[in-house]
Amino acid sequence: TRATSISDNAPETGKLSLVSEDRHLTIYGAYDQTNSRNDPMLVAWSDNEDYTTWTPTATNTAGSYRLTRGTRIVGAIETRNQALIFTDTSLYSQVFTGPPFTYRFSLLAQDVTIAGPNAMAEINGLVFWMGLNDFYFYDGRVSVLPCPGRRTVFDSVVKNQIQTGFAFINEQFQEVWFFYATTGVIPNKYAAYYY
């Protein structure tokens, strides 16, 4: 079935979306209906199991929250019991708490970057990602991955195409692979980390 508009009161635009384990459709970088504009730091979610209800009331769990650290949301990934939200400068946690607020948002780290919206991967609660100058992982806290080839990767990546990079988990070999572009716009090289 072709995609169609879901409702009149849903966010008109968004950077990306996730369906959470608690069955809310969440839009990151959503449209702010109050101010009638795009808000690159706004997280908005629908009512539980009802993607057509976005206006919060006393009888639903729809809502929104504006993050404060950074200028835009770059990516988000669902992991164990939470979603991680990456802004251009920080990392946040989004944890389901139920009514009346639905979610709790916590700042996990500042001065942390991510290369692009697909530059992260998750396995068993561990999240790995490629930043603008380092590789990182989250296991309850944010750490820089040890990487002897770090300079080789970040000196060769096409800086204005770094957002085209992506990461994935190769479970068979317990590795996370980070793909990046060294020429043009299509990622043509990768770095692998044995986790």
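Structure first, text after, so check above.
Given the structure is predicted, the values throughout are model-derived calculations rather than measurements. (Residues numbered from 1 in each chain as written. Predicted model: local features only at pLDDT ≥ 70, side-chain atom pairs only at ≥ 80, totals over all residues. Heavy atoms only, no water.)

As enumerated under the stated definition, the model contains 18 aromatic pairs in all. Judged by centre distance (4.4 Å) and plane angle (0°), the ring pair of Y65 and F105 falls under stacked. A residue pair is termed long-range when its members are at least 10 positions apart, and Y65 in strand β6 (residues 63-66) and F105 in strand β10 (residues 102-110) qualify at 40 residues. The class of Y65 is partly exposed, set by a relative accessible area of 37%. Looking at F105, the relative accessible area reads 12%, which means it is buried. Pairing F168 with F179 gives two aromatic rings, centres 5.9 Å apart and planes at 20°, and the pair type is stacked. Of this pair, F168 sits in strand β15 (residues 166-170) while F179 sits in strand β16 (residues 175-180), and the two are eleven residues apart along the sequence. A relative accessible area of 16% places F179 in the buried class. Grouping aromatic residues by their ring pairs yields a cluster made of W45, Y65, F96, Y103 and F105. (Phe/Tyr/Trp six-rings, centres within 6.5 Å; stacked < 30°, edge-to-face > 60°. Helix = DSSP H or I, 4+ residues; strand = E, 2+ residues; numbered from the N terminus. Buried < 20%, exposed > 50% of the residue type's maximum accessible area, 1.4 Å probe, protein only.)

To continue, consider the environment of Q161. Inspection of the secondary structure puts Q161 in the loop between α1 (150-156) and β15. Accessibility expressed as a relative area gives 16% for Q161, which makes it buried. Separated by 155 residues in sequence, Q161 and I6 place their C-alpha atoms 32 Å apart.

Within the secondary structure, D88 sits in the loop between β8 (82-87) and β9 (90-98). An unpaired buried charge is present at D88: no salt bridge exists, and R72, the closest side chain of opposite charge, is 4.3 Å distant. A polar atom in the side chain of D88 sits 2.4 Å from the side chain of T71. Setting aside residues up to four positions removed in sequence, D88 forms contacts with G70, T71, R72, V74, V112 and T113. (Lys, Arg positive; Asp, Glu negative; His and termini not counted. Salt bridge = Lys/Arg side-chain N within 4 Å of Asp/Glu carboxyl O. Polar contact = N/O pair within 3.5 Å; in protein donor to acceptor, adjacent residues only side chain to side chain. Contact = heavy atoms within 4.5 Å.)

Let us look at the sheet that holds β8. If you trace the four strands from one edge of the open sheet to the other, you get β7-β8-β9-β10, paired in antiparallel fashion. Since the sheet does not close on itself, it has two edges, and those belong to β7 (73-79) and β10, each with one partner. Strand-to-strand twist in this sheet, taken as the mean axis angle between neighbours without regard to direction, amounts to 25°. (Pairing = 2+ DSSP bridges. Axes fitted to C-alpha atoms, helices over the stretch in contact; angles between N-to-C directions.)

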